[in-house]
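Okay, here's what each chain looks like letter by letter:
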Amino acid sequence: MMPSRLALLTAAMAAALFPAMAAQAQQAPAQQPPAPASAQTPPNQTGPDQTAGPDQSGGLVVDVTGGTSAPLGIAIPVMPTSAVVNTPAGPTDKLGRDLAQIVTNDLKNSGLFNPVAANVLKGVAYPEVTAPSFDYWGGAGAQTLVQGFVRANGDGTLTVGCYLYDIFARSELTRQGFVVSPGDWRRAGHKCADMVYTRLTGEGPYFDSRIIYVSETGPKGKRFKRLAIMDQDGANHRFLTNGQSIVLTPRFSPDQKSIVYMSYLNDRPALYVYDIGTARQRLLVNNPNITFAPRFSPDGRWILFSMAVAGNTDIYRVPTAGGSPQRLTNAPGIDTGGSYSPDGSRIAFESDRSGSQQIYVMNADGSNPQRITFGGGRYATPAWSPRGDLIAFTRVSGDFRIGVMSPAGGNERLLTDNWQDESPSWSPNGRVITFFRSHQGGAGNADLWSVDLTGVNERKIPTPLDGSDPAWGPLRP
């Protein structure tokens, strides 16, 4: 078995491997039902502003515990436009097709929905958005219907309307409107999918979010590694670093304005904070010791990390702006992989203080550490769910597998069963986990994957090159 590139990361290994919606949105087509109240969107706002519509039906829900056994039939036809207008994002009729496809892909990828096939979808006229052909869609095998529209506004923005219908009850379930800049048109599609997903599952949204990861290429032992960022579906991909130095374990700040990561810039392993808006990076801790495994606190005030000093590795924290590190653990061996609980009161981490790699939980000040894993094998890379109810981990027992357990260590479940899966990171709603999967063989290739809490809905996340160390960010503001 090859050693894990992340789950077994220690100071010694590191040294060996790397030497020296708005009111406008409610102006819907003719025959629109009464619109919900909303606030005006500032003309210079870059992200969509959304308002929740009425919930007029109450009974239709999707069972999120049964995996893909009975996904809900849903029809998502092309979104019509009031007039075809060329915009910086493309003509509005094409945007209507593309937006419907984004909603379709998001819902299908969740594993909980079965979109009606494209050859069954009929065209929808603009006035029909708010007056659906329930008889047709029921005959097409759908239980629910998503219809919408796209309109170009005089100020250069786009309005996207999104409506969800219960076909058999012949009623509207909810609606939302989004006013977006042309550069953010894809976000309106993700927001529409989030609206549908949330209304029908009772779960929180997660489609309008991003993932950062380490993009890799090149032969094993000499991998070319760059920070990269993309939407959760793989779109809008871009590289953040040039690959001149190795990078590892990137993590978003809570406000998504910066990323903390480990880099071997100038052949010195250290932690850096990268400002996404300015593309500038700064050294976090200025000392000669090896520092690694960083992660922000939920309030963004602190960054957890591990530091090797005189042959011992402990967990420290440092103010996000920089300053003197504060030591939180004090035990012989290697303590690393710290992850805060959502309320910031506790920290999960991995340690070999008991003689093998296991997961512990302690108070945020480092007091009262308690071991919570006692199963066979080793446990690593703990990640606390944003809902606070679970901790994800990598279990190493022959193969590397992704699992979850309660913060007390009970109810352990393994979600994947592959050769080498590791480095779990949670979706914003705490229902889906992204991780990376290494290929068998000597090439060292890896891909990004996701799996939901059923362990059934597993999918590969598209990236232009190999990928590792993914981190799922919060919902975008």
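Preceding this paragraph is the structure being described.
Reading guide: rules and limits
- Residues numbered from 1 in each chain as written.
- Predicted model: local features only at pLDDT ≥ 70, side-chain atom pairs only at ≥ 80, totals over all residues.
- Heavy atoms only, no water.
- Helix = DSSP H or I, 4+ residues; strand = E, 2+ residues; numbered from the N terminus.
- Expected span 1.5 Å × (residues − 1).
- Buried < 20%, exposed > 50% of the residue type's maximum accessible area, 1.4 Å probe, protein only.
- Polar contact = N/O pair within 3.5 Å; in protein donor to acceptor, adjacent residues only side chain to side chain.
- Pairing = 2+ DSSP bridges.

A.B. asks: Can you lay out helix 4 (residues 185-201) for me, pointing to particular residues and giving the numbers?
C.D. replies: Here helix 4 spans 25 Å end to end across 17 residues, near enough to the 24 Å set by a 1.5 Å rise per residue. By the criterion of burial, helix 4 is predominantly enclosed, with 16 of the 17 residues buried. Count one or two residues on from helix 4 and you reach G202, which has phi positive near 80°.

A.B. asks: Summarise the environment of N457; cite the residues concerned and give the values.
C.D. replies: Secondary-structure assignment places N457 in the loop between strand 30 (446-452) and strand 31 (458-461). Distance in space between the C-alpha atoms of N457 and N109 is 8.1 Å, their sequence separation being 348 residues. A polar contact is formed between the side chain of N457 and the backbone oxygen of S110, at a distance of 3.5 Å.

A.B. asks: How would you summarise the pairing of strand 13 (residues 258-263) if you had to cite specific residues and measurements?
C.D. replies: Judged by how many residues are buried, strand 13 sits mostly within the fold: six of six residues are covered. The two faces of strand 13 match: S258, V260 and M262 on one face and I259, Y261 and S263 on the other face are all buried. When strand 12 (residues 247-252) meets strand 13, the two strands line up antiparallel, connected through four bridges. Its bridge partner lying in strand 13, F252 is registered against I259. Pairing geometry for strand 13 and strand 14 (residues 270-275), over six bridges, is antiparallel. From the neighbouring strand, V260 faces strand 14, where its bridge partner is V273. The antiparallel hairpin formed by strand 13 and strand 14 contains six residues in its connecting segment, where N266 sits at a positive phi of about 60°.

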